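# What the coordinates show
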Amino acid sequence: MRACPTCGTTIAIPWSRYSPTPWVVAKCVACNLTYLRNPVPYEALEEDFAWEKIHVEKRKLGGSTPLSATAKKLRTATIGIHRDKTRAYMDWFGRAGHVLDIGCGSRPRAPEPMVPYGIEISRSLQAQADAAMRARGGYCVYGAGAEAIWDFDEGQFDGIIMFSYLEHETDVMRVLRGAHHALKSGGAAFVRVPNFGSLNRRVIGPKWCGFRYPDHVNYFTLATLRDTAWRAGFTATLLNRFTLPVDDNLSVLLRKATA
């Protein structure tokens, strides 16, 4: 069984109601992170459980409640991470920043004139992203994020985007430490993950939209995400504080300390 991806503790308490056979979801006894104890290999995520294949099936199962609709309305009405992403990325990373998107999918999220780079584990999506990024001076590499990030130079990036990515990564600390290495002094990383602490998850239980087996392998609350970030050398600022209790997602900005 997989040890805790944050602190390495091997003892965890199973969440039986969130563990449909054969999957085992459990809570670490040391740091309280909830995670999948028996994830599949990267190769299976690429082929048998690729996002493109399972996303449609997951949508058929539902997993939203009136609380989800309430959160969406609040996001629209409040200021912060839910404003225009183009302006947000420029504020965080600089108008002409070099930005790495881990788990980028088929296209760059960083707006022009930023220079986009990417890491993608799906071969078909990586090829599409690479073509689009090379047209703007960057490129996209194929591979697992925790390994591929170490191929970039130290201090190469002004910003890193991990949008709906960290919940998929089995080696959380390695990818975050790699992000710390690849960021310039004072650089930042935007992280968006499902919010395991949301009221919606507590109400809807096993059918909550944040559960996806087996490609979601980490289930963060604000406390466990901050603890994980701190262990990798980051401070974490919550971005969706107004909607957090009813929001199915958690958005934070990780800041690397200045030299």
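The notes below deal with the structure included here. (Residues numbered from 1 in each chain as written. Predicted model: local features only at pLDDT ≥ 70, side-chain atom pairs only at ≥ 80, totals over all residues. Heavy atoms only, no water.)

## Considering the sheet that holds strand E1 (residues 12-14)
- Judged by pairing direction, the sheet is antiparallel, and its 4 strands sit side by side in the order E1-E2-E3-E9 without closing on themselves. One side of each edge strand has no neighbouring strand; the edge strands of this open sheet are E1 and strand E9 (218-219).
- Here strand E3 (residues 34-36) pairs with E9 via 2 bridges, running antiparallel. Pairing of Tyr35 across the sheet is with Asn218, part of E9. (Pairing = 2+ DSSP bridges. Helix = DSSP H or I, 4+ residues; strand = E, 2+ residues; numbered from the N terminus.)

## Concerning the pairing of strand E6 (residues 139-142)
- By the bridge criterion, 4 bridges tie strand E5 (residues 115-120) to E6 in an arrangement that is parallel. Residue pairing for E6: Gly118 is matched across the bridge by Cys140.
- Crossover handedness for the path E5 to helix H5 (residues 123-134) to E6: right-handed. (Right-handed = clockwise from strand over helix to strand, strands pointing away.)

## A few points about the packing of aromatic side chains
- Enumeration over the complete set of coordinates arrives at 20 aromatic pairs.
- Summarising the aromatic geometry, the rings of Trp15 and Phe196 are spaced 5.6 Å apart at their centres and angled 80° between planes, so their arrangement reads as edge-to-face. With a gap of 181 residues between them, Trp15 in the loop between E1 and strand E2 (25-28) and Phe196 in the loop between strand E8 (183-194) and helix H8 (199-204) connect regions that are remote in the sequence.
- With a relative accessible area of 24%, Trp15 lands in the partly exposed category.
- For the pair Phe152 and Phe157, a centre-to-centre distance of 5.2 Å together with 70° between the ring planes defines the contact as edge-to-face. Neither residue differs from the other here; Phe152 and Phe157 are each classed as buried.
- Members of the aromatic cluster, each reached through a chain of ring pairs, are Trp15, Tyr18, Phe196, Trp208, Phe211, Tyr213 and Tyr219.
- The side chain of Arg123 reaches across the aromatic face of Tyr142, ending 4.0 Å from its centre. (Phe/Tyr/Trp six-rings, centres within 6.5 Å; stacked < 30°, edge-to-face > 60°. Buried < 20%, exposed > 50% of the residue type's maximum accessible area, 1.4 Å probe, protein only. Lys NZ or Arg CZ within 6 Å of the ring centre and 35° of its normal.)

## Digging into the environment of Arg192
- Turning to its location among the elements, Arg192 is positioned in strand E8.
- Taking the C-alpha atoms as reference points, Arg192 and Phe163, 29 residues apart in sequence, are found 4.9 Å from one another.
- Apart from residues no more than four positions distant in its own chain, Arg192 is found in contact with Met162, Phe163, Ser164, Tyr165, Glu167, Asn249, Leu250 and Ser251.
- Engagement of the side chain of Arg192 in a polar contact is seen with the side chain of Ser164, the distance being 2.9 Å. (Contact = heavy atoms within 4.5 Å. Polar contact = N/O pair within 3.5 Å; in protein donor to acceptor, adjacent residues only side chain to side chain.)

## Some remarks on the pattern of salt bridges
- A full pass over the atoms with the stated rule returns 6 salt bridges.
- Residue Glu147 pairs with Arg174 through a salt bridge whose shortest N-O separation is 3.4 Å. Pair noted here: Glu147 is in helix H6 (residues 145-148) and Arg174 is in helix H7 (residues 172-182), with a separation of 27 residues, a long-range link.
- When its relative accessible area of 32% is taken as the criterion, Arg174 is described as partly exposed. (Salt bridge = Lys/Arg side-chain N within 4 Å of Asp/Glu carboxyl O.)

## Regarding the packing of H7 against helix H9 (residues 222-231)
- Axis separation between H7 and H9 bottoms out at 9 Å; the angle between their running directions is 55°. Classified by the angle their axes make, H7 and H9 are oblique. Once H7 is placed against H9, the crossing between them reads as right-handed. Contacts between H7 and H9 involve Val172, Met173, Leu176 and Arg177 on the former and, on the latter, Thr228, Ala229 and Arg231.
- Tallied by class, the residues present in the contact of H7 with H9 amount to 4 nonpolar, 1 polar and 2 charged. (Axes fitted to C-alpha atoms, helices over the stretch in contact; angles between N-to-C directions. Parallel < 35°, antiparallel > 145°, perpendicular 65-115°, else oblique. Left-handed = near helix turned anticlockwise from the far one by under 90°. Nonpolar A, V, L, I, M, F, W, Y, C, P; charged D, E, K, R; others polar.)

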